[in-house]
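Observations on the model geometry
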Amino acid sequence: MGNNKPVKESIVEYAQGSVGGLLFSFPLLYTMEVWYSGYLVQPGNLIIMVIVTFLLLLGYNRYSGMHPGTSWKNVVIDSFEEMGIGLIMSFCILLMLNRIQLHADSLDEIMGKVIIEAMVVSIGVSIGTAQLGSSAKENGDQKEDQEKELSDAEKAGKKRRSSKTALVVLALCGSIVVGGSVAPTEEVLLIAAEATPLHILLMSIASILLSMVVCYFIDFKGTGQSEKKPAIYDIIFDTCLSYSAALVSSIFVLWYFGAFSNLSFWNIVAQCIVLGVISSLGASAGRLLFK
Amino acid sequence: MNEDRKKKNNPEDEKNILEWAVFSLSLLLITGILGYLVFQTIQHEPGSPDLVITYETAPSPHAPYRYHVTISNEGQETAEEVQIELILEKDGQQLELATLDILYAPKESSKEGWVNFSKNPIEADTLYARVVSYKKP
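Cut-offs applied
Residues numbered from 1 in each chain as written. Chains lettered and ligands numbered in written order. Predicted model: local features only at pLDDT ≥ 70, side-chain atom pairs only at ≥ 80, totals over all residues. Helix = DSSP H or I, 4+ residues; strand = E, 2+ residues; numbered from the N terminus. Buried ≥ 20, exposed ≤ 12 C-beta atoms within 10 Å, placed from the backbone. Contact = placed C-beta atoms within 7 Å. Pairing = 2+ DSSP bridges. Axes fitted to C-alpha atoms, helices over the stretch in contact; angles between N-to-C directions.

Some remarks on the overall build of chain A
The helix and strand inventory of chain A stands at 12 helices and 0 strands. Reading the secondary structure of chain A in the N-to-C direction produces α-α-α-α-α-α-α-α-α-α-α-α. Within the span of chain A, comprising 291 residues, buried residues form 48% of the whole. Expressed as a percentage of contacts within chain A between residues at least 6 apart in sequence, the contacts between residues at least 24 apart total 87%.

Concerning the environment of Val121 of chain A
Following the sequence through the fold, Val121 of chain A ends up in helix H5 (residues 107–140). Among all residues touching Val121 of chain A, those that are not within four sequence positions of it are Gly21, Ser25, Gly86, Met89 and Ser90 of chain A.

A closer look at the sheet that holds strand E4 (residues 93–105) of chain B
As a general point, the strands of a sheet are linked pairwise by backbone hydrogen bonds and lie either parallel or antiparallel. Residue and element names in this part refer to chain B. The 3 strands lie next to each other as E4-E3-E6, forming an open sheet whose pairing is antiparallel. Of all strands in the sheet, those bounded by a partner on one side alone are E4 and strand E6 (126–135). Adjacent strand axes in the sheet meet at a mean angle of 20 degrees when their direction is disregarded. The sheet contact formed by strand E3 (residues 79–90) and E6 spans 8 bridges and is antiparallel.

Observations regarding the sheet that holds strand E5 (residues 109–116) of chain B
Residues and elements named next belong to chain B. Taken together, 3 strands build an open sheet; the order of strands is E1-E2-E5 and the sheet is antiparallel. Each edge of the open sheet carries a strand with a single partner, namely strand E1 (51–57) and E5. Shown here is a sheet whose adjacent strand axes are inclined to one another by a mean of 20 degrees, direction ignored. Pairing of strand E2 (residues 66–73) with E5 involves 8 bridges; the strand directions are antiparallel. Counted as the bridge partner of Ile71 is Lys111 from E5.

If you want it as C-alpha cells, here you go:
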C-alpha cells in the first residue's frame, strides 16, 4: 500500500485524459449524422462497437500507454476506466448541447447516442492520458529519467513498442479516431458517388504517398542517434501495414454507420478509398503523434 | 521475489483508492450497458414504424389559428422524412390543407411541431390529420 500512486497524480491524469478525449471527439460530438445514428443503430451493433473499442483501448494501452512496463491487469483496469470516463463525458456533453432530452427521448435513443459518441471519447481519453501525461513527465524529470535504470518489465515494454504488432495497433487506433469522425457524414458517399475511377485511383495513390512520407519520418526518427537512413524495405513494409490498417478501419466504420446498404461493389470500394485518404493519414501520422 | 522487485520499480502500477473507485464505477456502468443491450437484442422484433398523430389548438398572438401537433412512433423502427397533413373540410369540400415535415421520428419517441391555418377552423365542420409518407432510414 505504501507504494501507491498519490491521489493528486491520478486526478491530474484524469484531467489530461479528459482534455485529450474532448480534443479528439468534439468534431464527432458536433456531427448531426452521429446523433441520428444513435437511434438508427440496432442494439446488437452497439455491442459490437463497445467490444471493438475495448479491444482498441487494450491494444493502445498495451503498446502506447503511459507506463511501458505495466502488467496486463493494469492495462485492463485502465481500459475500463477510460471507457467509463468516455461514457460519462459524452453523456454530459450531449446533455449540455441539448442533443438528449431526458423527458422526451426514449432510453434506447439516449443510450445509442451516448454509446456511439463515447467510444471515440474513450480512445481520446486514452491518447490524452498517455500523450499529455508523458510529455509533462518528460519535461519534469528528464534528468532523473536519464539516470534512472529501467526495470526488466520496462525494458520489455519499450521493446514491445517498437514491434510490428505495435505499429498495426497504433495505426488502427489512429485511423479509427481520425477516419471515424468523417465516416458517418454524407460527404463520403457524395464524393464516392460523383468520382470517376480516375479520381479514385488518384486518391488511392495520394493515400499511399502520404503514408510513405510519414513512415519515412517515423523510421528516421526511430533510428535517432545513429543518424542512419531507414532501409527502403522498412519504409515499404510500414507503408503497406499502415495503408492496410487504414482500409480495414475504413471498411469497419463505414459498414458500422450503414454506408454499404444496397450499394454496388464499386460504390463500396470507392467509399473505402475516399475515407482511406483520411484514415491513412490517421494511421501513419497517428503513429507519429501517439508514439 | 520477482513480483516484489516489479512493485518496487513501478510504484505507478499500484492503484490508489480514487482509481479503484473510478474503475469500479466504470465496470458497473459498462456491464450495465452491455447487459441492457443484450436484453434489447434478445427482445428485439423486426417491425415497421407506426405513427400516431395528436393535435390541439394552440393559438398565439400572431397565429390565431395555430395547432400543436405531436407525432409518436409506437413501432419498432425509426421513420425518416415524415410528412403530415392537417385538413380542414366543410360539407365534404376541402377548405384548407396545412403540412408539417419531420426529419426523423425515432421508435418509441415523440416529436412536436405546429401548423398554421389562414382560415378560422371554426368555419369548418371537420378537421383531421394524416401521415402522408415516411421512409426507411
